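# Chain and residue survey
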Amino acid sequence: MLNQAKTIIRPTGSFCRILCLALAILFVPAAGTAPSLAQPAGTAASGMTELRKPTNWDAALGAVARQLRDPRMDDEGFTRLRAELDRLRVAASQERDQFKQAATAAQTQLDALGPAPAAGQPRESAAVAESRRQLSARLQALQDGVKQSELALARIIAMQDDVGAEARRQFTRQLIYRGVSPISPAFWRDGIADIAAAAEQVMAAPQEWWEATGERRSGTTTLMQMAVVALLAIVLVFPMQRWLHRHYGTRSDIESPSPARRTVAAFTELMNRTAMPLAVLWAAYGVVAGNGWASGLAGALLHALMLALSMALLAHGLVYAILAPRNPAWAVIQLHQLQRDSLLWRVAVFAVGIVLVAVLVAPSRTPDFGSAGRDLVIAAVALFLAIANLAFADPRLWRQLGDDLRPLRLLTGVIFTLNLVALAAILLGYYSFAAFLSYALLGSALALAAYSVVRTAIRDGLNNLADSPESRFRVLRKTLGLTGPMSTTTQLFLGLLVDIILFFLLLIALALAWGMSGATLVAYALELFYGVTIGPVTISLGNILGAIVVLVIGIGVTRLLSGGLNSRLEQQSGIDPGVRNSMVTGLTYAGYLLAGVASIGAVGLDLSNLAIIAGALSVGIGFGLQNIVNNFVSGLILLIERPVKVGDWVVVGDREGYVRRINVRSTEIETFPRASVIIPNSDLISSPVMNWTHRNRLGRIDINIGLAYGTDVDKARDVLLDCLKRHRDILAIPEPMVVFRDFGDSALMFALRGFIADVERRMSIESDLRFAIYKACSANGIEIPYAQSDVHLADIDRLEKMVLALAGNKKPAAD
């Protein structure tokens, strides 16, 4: 029963620790990987230094086993045991790895000596024989150390299971414990008597605290440090609050903010009203505790009061952040004014009540607090939590929610019903069960509501990031290299990644709310982090996370370097766009390759084994993926030899246009009608490609024209040549010319040839010249004939007579 009270009396502290424990899952393992049992430098290399002795695991594990058998073990004791076993497990893992590393080095040196001479062979020197003996003895000792460390690990894991099983059994006993019903007068008489007796100790605690002579710093030093905290709050916190509200808070001039913008404003409000004040309060508490002024019963009471104030500030900040009573349009959850005012009033009552509950619980922290008093305190806490849940889950508050928040309405209905069960449990005397259920429901409601709101806001933010290049996300879009709308695949991938992360955090919060301790979560995380062995394979979350971090950092650095190189080359005059693209693309491919190799190494995979696997798969790749490999190699050739570059005007078969992008597998060509044609890179290497702008942009125009027979050809040549020379885009060198090409069937064929500086303007220049030629020929009486043909008929005279006869209605005379 004593252990039960300690578990239930302080339920509010876990709310403040949920986020810290979630972060600890990520950072505590990383901090725990520092080798505390490292050997001196050169131990593994030399192989002949003094062996370190294995740790005496029997003594350490024996102390844990004795504590586990103690019948007075409570939740705090189990937490300490879990922490101690986690520390021992890390130490045993590190010692095993060190012994394995040293054994591998010793085996390598022993292999270098080779096998001992067989019988009948020449004997080796005494020095070599002595080295072989020492190395063999050292190898055996190291292998024994590995076995002892693995045995210790097995014992630690088994003991962790025992601690978890015992904690679960004790937790079950606490839940099913039934005390005296509050209907009984003895419940109130004995409980109030215990509280009154303990209240005298509580009232005397401040004086005892002041007169204590323990190790603590002087009051002057503590006051000076408190003044520094207050000064920092004035100089840093208050200006930061105003800056955040001005840039990211609610704004009365915006009547319809987006969900993402409302959520950003809600987080800003939560930071200003809760996070920053809590930071100042806990900094002041840290000064008091760090200087030794928070010890004994007074320190425990002060800590409980800090937790209560934290919960009050959290409730106050959450309701103002979500409902935005001063700017209702910015509310994350839209409610009518009546429901909004009612919810604000209930949160205010809850904030005051949680502080009063902390004061009520204070007597229970005395060492000899009676069981009847503990039952009364637990019942009071359970009743307060149940009433708070009923107040917040009142269906009248949430009936106006839209269909998109229908799950929230259903959730409030479930919580309301289950809290009626908690009230019934209190009347029956199951105080621990009632407190546990009420606390779990309150934590679950907060976790699910936060998950729903944050997920909706992040989804809206991803839509803005995908569709609006001119939005508030333009800096992030530029960093990610997004110049247009984000692809659907990318949106789905980012949305899935966000859902996985939020769901993982939701599971952590629900686990904490329903009784799982933070130490247990950390233990599970440590087990995943350091690896789960399945047969010969060890799956380590730490290695996987490390590989992901290395890959992300490598890709990020690569994108930064390639973006910086691209910007630098754009500022340099005279750099061909194709050259710039080839350099940037080559740097990007090289960076991605290095990032991939580094991430594979971070996972712990042996690259030599990958080489063997790659060799074994080469035959399958050669047959099944030969087209992909061919296109990939062709893409590398295109980047190195650069027969075509980004921006070139090319003709590939019957397709003509500009090269827009050279990818790993294919090249994108944009045709003149603005259609994109994707051509495999191998086609650009194996088939003829006409590149108008390969070496330079200099080009020649050719205009063919036919003049009527009888035209003065000298005059025609001068007129046509003058048209060429008059055009401003026709270069003087090489000199333009007019060529008399041939005698056509119905015209004299001429060709006008001139060079231009930019071949991409060929069509427009040819069009201008045709206009000029037509006008010049018309002005100078030079005829441009239409296509005509001469038909020669036999017996034309006879045909003439027949036509005349028919015209005069006479029968033609016979020949």
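Residues numbered from 1 in each chain as written. Predicted model: local features only at pLDDT ≥ 70, side-chain atom pairs only at ≥ 80, totals over all residues. Heavy atoms only, no water.

It is worth spelling out the pattern of salt bridges at this point. Counted by the stated rule, this structure contains 26 salt bridges. In this structure, Glu124 engages Arg132 in a salt bridge whose closest nitrogen and oxygen atoms are separated by 2.7 Å. You can call Glu124 partly exposed: its relative accessible area is 28%. The salt bridge partner of Asp648 is Lys645, with a shortest N-O separation of 3.3 Å. Just as Asp648 is buried, Lys645 falls in that class too. Through salt bridges with shared partners, one network takes in Glu166, Arg169 and Arg173. (Salt bridge = Lys/Arg side-chain N within 4 Å of Asp/Glu carboxyl O. Buried < 20%, exposed > 50% of the residue type's maximum accessible area, 1.4 Å probe, protein only.)

This brings us to the sheet that holds strand E8 (residues 699-707). As summarised here, the arrangement of the three strands in space is E8-E10-E9, forming an open sheet in which the pairing is antiparallel. Each edge of the open sheet is held by one strand with a lone partner, namely E8 and strand E9 (737-743). Direction aside, the axes of adjacent strands within the sheet are offset by 25 degrees on average. The pairing of E8 with strand E10 (residues 748-756) spans nine bridges and is antiparallel. Of the residues in E10, the one forming a bridge with Gly699 is Ile756. Running over the sheet, helix H24 (residues 713-726) touches E8, E9 and E10 and is turned about 135 degrees from E9. Lying over the sheet, helix H25 (residues 762-779) contacts E8 and E10, oriented at roughly 30 degrees with respect to E8. (Pairing = 2+ DSSP bridges. Helix = DSSP H or I, 4+ residues; strand = E, 2+ residues; numbered from the N terminus. Axes fitted to C-alpha atoms, helices over the stretch in contact; angles between N-to-C directions. Contact = heavy atoms within 4.5 Å.)

This paragraph deals with the sheet that holds strand E6 (residues 676-680). Read across the open sheet, the five strands follow the order E6-E5-E4-E3-E7; overall the sheet is antiparallel. Two strands bound the open sheet, and with one partner strand each, they are E6 and strand E7 (690-691). Where strand E3 (residues 649-652) and E7 come together, two bridges link them in antiparallel fashion. Following the sheet pairing, Val651 is matched in E7 by Met690.

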